[in-house]
Amino acid sequence: MELRDWAERILDGDALDAHKLWFPPEGLTDRAPGPPQASRPPARPPGLALDGGGTADGDAPGAAALHDPAVRVRLLHAFANHELLALELMALVLLRFPDAPRAFRMGTARVMRDEQRHLAMYRGRIQALGGQLGDHALSDFFWRALHDVPSLPAFVARMGLVLEQANIDWCRHWGPRFAAAGDPASAALIAQVHADEVGHVAHALRFHRAWKPPETTDWQAFVDQTAPPMGAGRARGPVFDRAARAAAGLDPDFIARVEHLGQSKGRPPVVWLFDPTVEESLADGRPHWTPRAPARALAADLAALPGALAAAGDAVVVPAPPAPDWLAHRSEAGLPPVEHLSRAAVDRIPRVAALAPWGWSPRTRQALAGLAPVQPPPGPVALHRKDAQCALMPALLDACRGTLPPDWLLAPEDLPRVVHSAAAARARAEALWAAGDVAVLTAPLGAAGRSLRRWGPGDAPGPVTGWIDRVLAQQGALTVGPWLERLADLSFHGDLRPAGGLRWVGRSRFLADGRGVFRGIQLGRAAAAGPPALRRFLAGGGQAPRWLDQLGRRLLTALLPHLPGHHGPLGVDALVCRRGGALRLWPLVELNPRWTMGRVGLALAPLLHSGVHATWLLLPARGPGRPAPGAPLPAPERGPSGRLRDGLVWTTDPRCAHQTASVLVVAPTAPALAARLAALGAGPESP
């Protein structure tokens, strides 16, 4: 019998035994494959019609429920439907692509013969348990997902390397559960299906490799040929059978990537993009503005960082696929499984739930152009400008006065002032010098540390005045204030809802160098460290230990009327400093209507075991304690609850970093944390 005729009989026949399960006794030939045929729905016997809804996963019963034969029948019924759908889909592919290589077509026929056997065995078990095939509704999800695949490479990727690879895991999951429920016959059937699926995956892999570009890896070709709802994230089940995948011929890199892939199985992902140049891009204003080389290196090194903020199944834009062992390392630490995609791969996502750049700027709008399901928030530039933020200080001071004593606040005369000319900047600096201070001048927009200059009375004026002229020419203003003795850098965080209102997220304490450049976040008990006077201040003098949280809520709430058009993340940086011999709080050093490192720290905090001391750091890529390229990443120690107790978690892969690495350092005691930081070349107080 011709292969084409057999495929038509399976697809168009409406009898189970006479059509779907029939195989020609004289065998098959493929001498007349015929012209390509259009996709069409399968004919079905009475009672086996597809219901036009549902998904592949459905509601899986618990292990205890399997002791009920009716529950086992329902599951076996779903398994039988999957076999019948696979059989019909393969028949359709033989008819749609008659010019496929004969080896592929005849190999597919052998796989179809296995599907017929599986279907017959499932039907037999259903009947032995008192049911009938057709007792339950049959989902058409697989048909809807695969009947119109655009090409043969897409079919082998989505059928063989997604569905059949995943079924390896599902068989490994359900077989032991049926056996434990006292149904060894069904368990043996599922074991046979598992063994056959290994061969089916091997068949798909053979042609996946034959049809991909020779310079493309198996994994990249797989990603290129898959798309929701049959995306790569469906290629695994609730357990992960590495040995069976290796037996099918999948290489270790491919297997590891499937194991740790964070792609959503159905929910449209949120797309995250790290860009540390938001304020600089806003200052320039051009969509195609190019940052300087150090900023570009920082963006590439930390591209995967938003994965700590994302939810499972989200997508993070990265310049290159991360190493599988780093994906395993972050998974072992408890970070959510996310998908790491190139910008080109993100373009192939059919539907995006939302966009989450580090912040909105002309550069990020250009980078994400064409992806937004809705227009992103307008993000007025004024929200980011430090001169505009100075105008908010009276409202914030009013908010603070209800939370802490007035003498805990920085005096108004010590706050930065806005100037619009070089003469005004110099006059303000000279007034500060006369009071014994060093002046600090800050551009309205720019990266922390690079957007400010210290100016003392003995400093040569040329470099500073030249910088003042450039900033005023581009941005029209400066702020000038005294350089303050930093004791603790704090940040308060919330989310502004699109419909209005604030969701309080929390506060963090961060580390900065002498220029105010971010270096890390203190977590766990380390967040309360410091000299006794500072600890007393942070604890409210022993009278109001929760005053910082109350203050943060008040500050963010007071800002709401001043943030038109913004929704999403909102952060306020504050500073505890020494002024006039006493500790004072400056409640608004900087307003950040975007994601921040402080939010990353808050996202990492739930990973920690209670009572530990921890610091999350940005480190130079080269230095002591960094793993060499190709070296393994040791797993951190986890407590009985699964949370981190000791060790290092590299939140970006240090082995491929050019400039900057990021790491969460965890220790059970303060001295142990200090020792770990020293081993990385970072001091306990300021890295």
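Bear in mind the structure is a predicted one, so any value in this text is a computation, not a measurement.

Visitor: Can you walk me through the overall build of the protein in this structure?
Guide: Helix and strand counts for the protein stand at 23 helices and 17 strands. In the protein, which comprises 687 residues, the share counted as buried stands at 56%. Residue pairs in contact within the protein that sit at least 24 positions apart in sequence constitute 74% of those at least 6 positions apart. Working note: accessible area of the protein is about 27,600 Å², and carbon and sulfur atoms make up 56% of it. Looking at charge distribution, the protein has the averaged site of its 74 positive side-chain charges lying 6 Å from that of its 62 negative ones.

Visitor: Looking at this structure, I do not really get helix α18 (residues 422–434). What am I missing?
Guide: Along an α-helix, residues three or four positions apart point the same way, because every turn accommodates 3.6 residues. End to end, α18 covers 18 Å across 13 residues, agreeing with the expected 18 Å (1.5 Å per residue, within 8%). Turning to α18, its buried residues number three or more, namely A425, R428, A429, L432 and W433. For α18, the buried positions fall inside an angular range of 145° around the axis, keeping them on one side. Seen from the open side of α18, the exposed residues pointing more than 90 degrees away from its buried face are A423 and A434. Positive phi shows up at G436, right after α18, with a value of about 90°.

Visitor: I keep staring at the pattern of salt bridges and nothing clicks. Help me out?
Guide: Oppositely charged side chains may form a pair once their charged atoms are brought near each other. Scanning the entire structure with this criterion turns up 35 salt bridges. With its nearest N and O atoms 2.6 Å apart, the salt bridge here joins D325 to R655. Of this pair, D325 sits in helix α13 (residues 324–332) while R655 sits in the loop between β16 (644–650) and β17 (660–667), and the two are 330 residues apart along the sequence. Between D414 and R579 there is a salt bridge, with its nearest N and O atoms 3.1 Å apart. You can see D414 sitting in the loop between α17 (393–401) and β5 (417–419) and its partner R579 sitting in strand β12 (residues 568–579), a full 165 residues away along the chain. In this structure, D414 and R579 share a single accessibility class: buried. Among the charged side chains, a network of salt bridges with common partners joins K20, R44 and E88.

Visitor: Please clarify how the environment of G625 should be interpreted in this entry.
Guide: Positionally, G625 belongs in the loop between β14 (613–620) and β15 (637–638). Taking the C-alpha atoms as reference points, G625 and R676, separated by 51 residues in sequence, lie 9.1 Å from one another.

Visitor: Can you walk me through the nonpolar core in this structure?
Guide: Considering soluble globular proteins, one finds that nonpolar side chains tend to be buried as a cluster. F178 and F222 are the most contacted members of the largest nonpolar core, which has 83 residues in total. It is helix α3 (residues 69–96) that contributes the most residues to this core, 17 residues altogether. Non-local contacts of F222, meaning those with residues more than four positions away in its chain, are made with A157, L161, V162, H208, A232, A235 and F254. Counting residues in each nonpolar core, the second largest holds 57 residues, with W272, W358, I521 and A667 among its members.

Visitor: Can you walk me through the pairing of strand β8 (residues 478–482) in this structure?
Guide: Side chains on a regular strand alternate between the two faces of the sheet. Across the five residues of β8, five count as buried, placing the element largely inside the fold. Both strand β6 (residues 439–442) and β8 contribute to a ladder of four bridges, which runs antiparallel. Looking at β8, one finds that L441 is bridged to V480.

Visitor: It is not clear to me how the sheet that holds strand β2 (residues 315–317) should be interpreted in this structure. Could you clarify?
Guide: Strands belonging to one sheet form pairs held by backbone hydrogen bonds; the direction of such a pair is parallel or antiparallel. The four strands are arranged β3-β2-β1-β4 in an open sheet whose pairing can be described as parallel. Each of the sheet's edge strands pairs with one partner strand only, and the pair in question is β3 (339–341) and β4 (354–357). Geometrically, the sheet is characterised by an average inter-axis angle of 25° between neighbouring strands, direction not taken into account.

Visitor: Hey, could you run me through a positive patch on the surface in this one?
Guide: Together, R292, R453, R470 and R515 make up a positively charged patch on the protein surface. Note on placement: R515 falls in the loop between β10 (502–512) and β11 (518–524). On the accessibility criterion, R515 (43% relative accessible area) is partly exposed.

Visitor: What exactly am I supposed to notice about the environment of D407 here?
Guide: Residue position: D407 is located in the loop between α17 and β5. Relative accessible area serves as the criterion here: at 47%, D407 is assigned to the partly exposed category. Along the primary structure D407 and L48 are separated by 359 residues, whereas in three dimensions their C-alpha atoms are 79 Å apart. Apart from the residues lying within four places of it in its own chain, the contact partners of D407 are L583 and R584.

Visitor: What should I look at first to understand the packing of aromatic side chains in this one?
Guide: The relation between two aromatic rings is expressed through the spacing of the ring centres and the mutual angle of the planes. Inspection of every chain in the model, using the stated rule, returns 18 aromatic pairs. Aromatic pair F518 and W616: ring centres 6.0 Å apart, planes at 45°, arrangement tilted. Residue F518 is located in strand β11, and its partner W616 is located in strand β14; the two are separated by 98 residues in the primary sequence. For the pair F518 and W616, one class covers both residues: buried. Ring-pair connections join several aromatic residues into one group, and the members of that group are F79, Y122 and W174.

Visitor: Just to check I follow, could you spell out the packing of α3 against helix α6 (residues 152–180) for this structure?
Guide: When two helices pack together, you describe them by how their axes are tilted relative to each other and by the distance separating the axes. Packing of α3 against α6 leaves a shortest axis separation of 12 Å and a crossing angle of 160°. Overall, the two elements α3 and α6 adopt an arrangement that is roughly antiparallel. Relative to α6, the crossing made by α3 is left-handed. Contact with α3, carried on its side by R72, L75, L76, F79, E83, A86, L89, M90 and V93, involves L152, F155, M159, E164, N167, W174 and F178 of α6 and no other residues of that element. Across the contact of α3 with α6, the residue classes tally to twelve nonpolar, one polar and three charged.

Visitor: Looking at this structure, how should I read α3?
Guide: If you check α3, its first and last C-alpha atoms are 40 Å apart, about what 28 residues at 1.5 Å a residue would give, namely 40 Å. Where α3 begins, one side-chain oxygen reaches toward the backbone nitrogen of A70, 3.0 Å away; that side chain belongs to D68.

Visitor: Explain the sheet that holds β11 here, please?
Guide: Ordered by their spatial adjacency, nine strands build an open sheet running β13-β12-β9-β10-β11-β14-β17-β16-β15, and the pairing between neighbours is antiparallel. The strands lining the two open edges of the sheet, one partner per strand, are β13 (582–592) and β15. Bridge analysis of β16 against β17 gives four bridges, and the strand direction is antiparallel. Residue pairing for β17: G647 is matched across the bridge by V666. Contacts between helix α23 (residues 670–679) and the sheet are confined to β14, β16 and β17, with β17 contributing the most and set at about 155° to the helix.

Visitor: Which parts of the structure should I look at to understand the pairing of β6?
Guide: Of the two faces of β6, both are covered, the one formed by A439 and L441 as well as the one formed by V440 and T442. Taken together, the four bridges between β6 and strand β7 (residues 452–455) define a ladder with antiparallel strand orientation. Across the sheet, the residue bridging to V440 is R454, located in β7.

Definitions and cut-offs
- Residues numbered from 1 in each chain as written.
- Predicted model: local features only at pLDDT ≥ 70, side-chain atom pairs only at ≥ 80, totals over all residues.
- Heavy atoms only, no water.
- Helix = DSSP H or I, 4+ residues; strand = E, 2+ residues; numbered from the N terminus.
- Buried < 20%, exposed > 50% of the residue type's maximum accessible area, 1.4 Å probe, protein only.
- Contact = heavy atoms within 4.5 Å.
- Areas by Shrake-Rupley, 256 points an atom, 1.4 Å probe, with all protein chains shown as cover.
- Lys, Arg positive; Asp, Glu negative; His and termini not counted.
- Charge placed at Lys NZ, Arg CZ, Asp CG, Glu CD.
- Expected span 1.5 Å × (residues − 1).
- Arc of directions from axis to C-beta.
- Salt bridge = Lys/Arg side-chain N within 4 Å of Asp/Glu carboxyl O.
- Core = buried A, V, L, I, M, F, W, Y, C linked by side-chain atoms within 4.5 Å.
- Pairing = 2+ DSSP bridges.
- Axes fitted to C-alpha atoms, helices over the stretch in contact; angles between N-to-C directions.
- Patch = residues over 30% accessible without salt bridge, like charges linked within 9 Å, V, L, I, M, F, W, Y side chains within 5 Å.
- Phe/Tyr/Trp six-rings, centres within 6.5 Å; stacked < 30°, edge-to-face > 60°.
- Parallel < 35°, antiparallel > 145°, perpendicular 65-115°, else oblique.
- Left-handed = near helix turned anticlockwise from the far one by under 90°.
- Nonpolar A, V, L, I, M, F, W, Y, C, P; charged D, E, K, R; others polar.
- Polar contact = N/O pair within 3.5 Å; in protein donor to acceptor, adjacent residues only side chain to side chain.

Structural measurements only, silent on function.
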